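Overview (structure and organization)
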Amino acid sequence: MNRSLLILALLGSASALADNTAVITNSGQAYNGNLMINQAAGDQQQTANNRAVALGGQATTRNLQNLNGKVDPSLNAKAAIEGTSFTNGNGMLGINQSAGANNQLINAVRISVNPGPQSIDDSVLLQQNTTTLATDSGLTPTTGSRQVVTSDQAFTGSRGVIQVNQSAGVGNRVANTLGITIK
């Protein structure tokens with residue numbers, strides 16, 4: 001990955017503020033190859049982008065995410081991919097963008113070339129989330145504002161594998177998994 005692309009991704013992540021707002025703006029344009037971005041704003045976020053390639057065997061990925069805790073259900077959260085982010089790219093792109101509290105996001109790709117016998121299972125998706133909502137005798141609103149935005153210009157002209165998870169809120173679990181076998 002070239003340095004300017006990394007700098008753009010980091011600058012796009014700079015707006016992940018304590019106010020539970022995660023925003024990526026005009027970042028990652030013309031990416032080439034394997035680009036993985038995890039952006040989180042808020043408390044207790046778990047994100048993973050995994051890639052596995054195997055020649056002559058079975059590629060495997062395994063993610064185990066455990067999360068518990070109390071969170072305020074009235075928090076406001078926003079996750080946004082704005083402008084011309086990730087346009088005209090080529091390759092494998094994985095984005096996890098989360099705002100709020102106690103969210104879990106996974107992107108996983110497994111590519112096997114000439115594998116032996118293989119099984120198909122959901123072991124890539126092991127997530128456990130035991131979030132409890134903190135309340136103060138009913139005086140706090142039960143939910144805040146939740147907003148997820150993806151620009152209609154984002155991702156245009158891109159080719160390859162594109163995995164995007166966006167989550168705004170409390171206690172969300174999101175996963176994308178892709179398995180490719182070439183015999």
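An account of the accompanying structure is given in this report. (Residues numbered from 1 in each chain as written. Predicted model: local features only at pLDDT ≥ 70, side-chain atom pairs only at ≥ 80, totals over all residues. Heavy atoms only, no water.)

**Focus on the overall build of the protein**
Along the protein, the regular secondary structure elements total 1 helix and 11 strands. The order of helices and strands in the protein, counted from the N terminus, is α-β-β-β-β-β-β-β-β-β-β-β. Here the protein, with 183 residues, has 40% of them falling under the buried criterion. In the protein, of all internal contacts separated by at least 6 residues, the share reaching a separation of at least 24 is 79%. Carbon and sulfur atoms make up 51% of the accessible area of the protein, which totals about 9,400 Å². (Helix = DSSP H or I, 4+ residues; strand = E, 2+ residues; numbered from the N terminus. Buried < 20%, exposed > 50% of the residue type's maximum accessible area, 1.4 Å probe, protein only. Contact = heavy atoms within 4.5 Å. Areas by Shrake-Rupley, 256 points an atom, 1.4 Å probe, with all protein chains shown as cover.)

**Topic: the packing of aromatic side chains**
Each aromatic ring pair is summarised here by two numbers: the centre-to-centre distance and the angle between the ring planes. Going through the model one piece at a time under the given rule, you end up with 1 aromatic pair. On the numbers, 5.7 Å between centres and 15 degrees between planes, the contact of Phe 86 with Phe 155 is stacked. Here Phe 86 is found in the loop between strand E5 (77-82) and strand E6 (90-101), whereas its partner Phe 155 is found in the loop between strand E9 (146-150) and strand E10 (159-170), with 69 residues between them in sequence. For Phe 155, a relative accessible area of 17% corresponds to the buried category. (Phe/Tyr/Trp six-rings, centres within 6.5 Å; stacked < 30°, edge-to-face > 60°.)

**As for the sheet that holds strand E1 (residues 21-25)**
Pairing between the strands of a sheet comes from backbone hydrogen bonds, and it takes one of two forms, parallel or antiparallel. Spatially, the 3 strands line up as an open sheet ordered E1-E5-E9, and their pairing is parallel. Either end of the sheet is taken by a strand with one partner, and the two such strands are E1 and E9. Strand-to-strand twist in this sheet, taken as the mean axis angle between neighbours without regard to direction, amounts to 5 degrees. Two elements, E5 and E9, share 5 bridges in a ladder whose sense is parallel. Bridge pairing in E9 places Ala 77 opposite Arg 146. (Pairing = 2+ DSSP bridges. Axes fitted to C-alpha atoms, helices over the stretch in contact; angles between N-to-C directions.)

These results come straight from atomic positions and should not be treated as a statement about function.
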